[in-house]
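Chain and residue survey
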Amino acid sequence: MKPSNNIWIQRQQCPCGDWKCYIKYEGDDQTSASSQTVKSETTSSELVFTPYVGQIFKSDDDAFEYYSNFARKNGFSIRKARSTESQHLGIYRRDFVCYRSGFNQPRKKANVEHPRDRKSIRCGCDAKLYLTKEIVDGLAQWYVSQFSNVHNHELLEDDQVRLLPAYRKIQEADQERILLLSKAGFPINRIVKVLELEKGVRPGQLPFIEKDVRNFVRTCKKTVQENDALLTEKRENDTLELLEACKSVAERDPDFAYDYTTDENDKVENIAWSYGDSVRAHALFGDVVTFDTTYRSITYGLLLGVWFGMDNHGRAILYGCVLLQDESSHSFTWALQTFVRFIRGRHPQTIVTDMELALRDAIARELPNTKHVVCIWHILSKLSSWLSFPLGSRYEDFKAQFDLLCHVENVEDFEHQWNLLVARFELVSDKHMALLFSYRGFWSISYIRGSFLARTMTPEFSQSLHAFLKRILSGQTCLQVFFEQIGLAAPAGNQTRDGMRYMHIKTCLPIEEHARSVLTPYAFNVLQHEIVLSLQYAIQEMADGSYLARHFKKMDGECLVIWMPEDEQIHCSCKEFEHSGILCRHSLRLLEVKNYFQLPERYFLPRWRRDQSLFPMDDQNSQSNNDDCAQALHALTETLLTESLTSKERFNHVQREITGLLAEVRSMPVAEELSLNMPGNNVSET
């Protein structure tokens with residue numbers, strides 16, 4: 001057997017530490033596809049009709065498949081009986097019979113003390129389908145010459161017929177997965193559980209049973225041993241090739257950094273690397289680092305760790321990668337120490353990870369002044385595996401209540417709501433809920449609201465990281481190809497200009513106009529949203545000199561805003577600025593009331609400014625051209641709206657034409673710059 005491709009999978013071991021506990025990730029494409037495969041296997045016979053004498057098939061294999069599907073739908077299986085052959089036609093007759101056809105011939109008993117006396121399932125059933133081959137216009141075809149569907153035994157129900165040996169087949173993809181898990185030391189019952197989780201089926205609903213897996217592994221034991229030797233050799237060769245690739249890049253790029261460790265046999269154990277562009281990007285945007293350890297390679301037995309950041313355009317930046325032999329605290333400690341060396345000793349303000357005890361301990365030792373946050377999206381992805389089975393039909397209700405709990409901003413309120421939640425759903429003694437509560441200081445917004453995260457906890461950023469990893473980990477056959485893929489994705493210069501579109505003004509407030517000239521489109525879009533919402537708030541001055549921001553419809557809670565005019569400092573109880581680096585609607589409303597035309601410079605963090613971009617942005621002339629274009633189009637659309645509302649016929653015509661025009665414009669390529677000579681607005685009123 002040739003060595004298998006390099007297969008990357010999401011880590012399935014639960015952070016609770018129980019080896020019997022696995023994680024099935026929600027929304028995983030592979031899981032959905034596998035689940036669909038199982039469903040299709042069990043329903044493929046729904047459209048099969050009863051065979052009849054004279055029915056024609058292109059080949060005997062097609063006929064056997066058709067009859068087999070019919071048999072499965074009707075509660076039995078079939079087997080091939082005799083075949084008849086001639087010199088001119090070859091095999092010209094095939095007999096397919098019910099699995100209980102005929103009688104078992106007595107066998108000579110083995111010379112053992114207690115021979116097994118197995119009862120035969122054959123009972124002389126006469127159900128059958130006979131095929132005969134004929135030549136028509138020079139082409140061979142098979143027709144049904146005899147057919148009988150009369151059985152002398154009970155037919156099986158759907159949940160029983162799938163357990164017949166004829167239908168318990170292990171597909172090739174599952175065979176490879178079983179061999180890899182067996183090689184990794186998984187016991188048979190655990191392999192079955194992993195496959196059930198991956199395919200998204202209930203226990204016992206795989207198209208094969210535990211006995212089939214055990215027999216398959218036993219039959220392939222020698223092959224597994226040979227394959228294991230090949231994989232060991234492949235692992236050693238590929239890690240050496242990866243190391244040589246790192247050395248080669250370092251010779252060409254002095255800013256490229258790498259490091260590795262070896263075991264007692266001088267074999268490469270752990271290896272990490274980072275790029276010059278990544279280090280320079282970290283100098284600008286390294287305040288928050290996401291360390292993703294979602295994936296591991298089955299083929300190489302390596303855990304993949306990737307360090308990410310977010311630039312001032314809201315896009316992911318790759319800072320570095322590490323491949324670790326295990327998930328011990330010692331390995332994570334080495335990875336963190338190496339990363340800090342790569343980024344020249346600069347510790348991040350915040351590091352975002354998954355729930356991992358060994359990693360948590362390593363971060364506490366190596367980054368004592370860095371806030372450690374567990375990504376809420378990793379937690380939410382595990383809830384289904386943890387609680388969907390014990391809660392059953394109540395799980396969706398629990399999920400909705402848990403989502404509300406995730407947004408509670410006060411610590412006392414959070415702990416009170418938590419107690420109510422676990423009591424209501426009878427989860428007080430649940431080990432996973434206990435684990436989550438013990439980690440509450442790492443993920444609950446009530447505990448981490450004051451920690452700087454630079455919008456790395458938004459669903460959009462989490463999805464972009466997941467998409468990036470899926471893209472670079474698909475179809476890799478060796479570590480060197482993976483290394484090359486990472487190298488292509490890492491440079492900041494490869495970032496596209498997507499999203500850097502025209503920033504139009506919505507409120508005409510001077511604060512908004514000024515912010516547009518300072519912030520990147522991404523940061524300005526976030527701030528602009530807050531500016532627009534700020535107009536819905538009233539400001540009330542309190543006796544102690546602080547201010548109360550209250551929504552005019554009381555759609556959210558009141559926020560206390562403290563204003564210190566002497567040094568232009570503003571603090572809000574919602575802590576949005578401390579959390580994301582962008583002022584909240586409550587603070588903005590107070591500044592508007594105080595007649596501020598520009599935000600104080602301290603509230604334009606360098607990480608969100610246009611002049612801190614990793615690549616040149618459009619200058620003010622381009623923005624001015626965009627403004628001219630926007631004004632011209634705005635004038636046209638105002639006139640068009642007025643004219644189209646005078647009659648239904650006009651409105652339908654305008655709507656139809658604009659819909660087509662919009663589709664045409666969206667299909668056009670996007671130019672790098674917009675530089676147009678705008679004609680005067682010659683639209684005349686009629």
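Residues numbered from 1 in each chain as written. Predicted model: local features only at pLDDT ≥ 70, side-chain atom pairs only at ≥ 80, totals over all residues. Heavy atoms only, no water.

The name given to the chain in an unreviewed UniProt entry is Protein FAR1-RELATED SEQUENCE, with Salix koriyanagi as the source organism. Check the Function (unreviewed entry) section of the UniProt entry for the chain; it says "Putative transcription activator involved in regulating light control of development." (UniProt positions renumbered as here; feature names shortened; annotations may be inferred.)

What about the side chain of Asp238?
Tracing the backbone shows Asp238 in helix 7 (residues 221-252). Those residues in contact with Asp238 that sit more than four places away from it in its chain are Tyr300, Cys478 and Leu479. (Helix = DSSP H or I, 4+ residues; strand = E, 2+ residues; numbered from the N terminus. Contact = heavy atoms within 4.5 Å.)

Brief notes about the UniProt feature "domain: SWIM-type" (unreviewed entry) in the chain
Taking the numbering used here, the UniProt-annotated feature "domain: SWIM-type" (unreviewed entry) corresponds to residues 560-595. Across residues 560-595, helical content stands at 39% and strand content at 25%; the span's end C-alpha atoms are separated by 19 Å.

Topic: the environment of Ser462
If you trace the backbone, Ser462 turns up in helix 17 (residues 459-472). Take Ser462: its relative accessible area is 23%, and that puts it in the partly exposed class. (Buried < 20%, exposed > 50% of the residue type's maximum accessible area, 1.4 Å probe, protein only.)

Let's talk about the packing of helix 5 (residues 188-199) against helix 6 (residues 210-219)
One way to put it is that helix 5 packs onto helix 6 with a least axis distance of 9 Å and a crossing angle of 115°. In this structure, helix 5 meets helix 6 at a crossing whose hand is right-handed. Contacts between helix 5 and helix 6 involve Ile188, Asn189, Ile191 and Val192 from the first element and Glu210, Val213, Arg214 and Val217 from the second. Within the contact of helix 5 with helix 6, the residues separate by chemical class into 5 nonpolar, 1 polar and 2 charged. (Axes fitted to C-alpha atoms, helices over the stretch in contact; angles between N-to-C directions. Left-handed = near helix turned anticlockwise from the far one by under 90°. Nonpolar A, V, L, I, M, F, W, Y, C, P; charged D, E, K, R; others polar.)

Notes on the pattern of salt bridges
Evaluation of the coordinates by the stated rule reveals 25 salt bridges. Where Arg94 meets Asp60, a salt bridge forms, and the shortest distance between an N and an O atom there is 3.0 Å. Taken together, the positions of Arg94 in strand 4 (residues 90-98) and Asp60 in helix 2 (residues 60-73) put the pair 34 residues apart, joining distant regions of the chain. Residues Asp397 and Arg424 are paired through a salt bridge, measuring 2.5 Å at the closest nitrogen-oxygen approach. Separated by 27 residues along the polypeptide, Asp397 in helix 12 (residues 395-405) and Arg424 in helix 13 (residues 411-424) bring together distant segments of the chain. (Salt bridge = Lys/Arg side-chain N within 4 Å of Asp/Glu carboxyl O.)

Points about the packing of helix 11 (residues 376-391) against helix 12
It is the contact of helix 11 with helix 12, at a shortest axis distance of 9 Å, that shows an interaxial angle of 145°. At the point where helix 11 passes helix 12, the crossing takes the right-handed sense. Here Ile379, Leu380, Leu383, Ser384, Leu387, Ser388 and Leu391 of helix 11 lie close against helix 12, whose contacting residues are Tyr395, Phe398, Lys399, Phe402 and Asp403. By residue class, the composition of the contact of helix 11 with helix 12 is 8 nonpolar, 2 polar and 2 charged.

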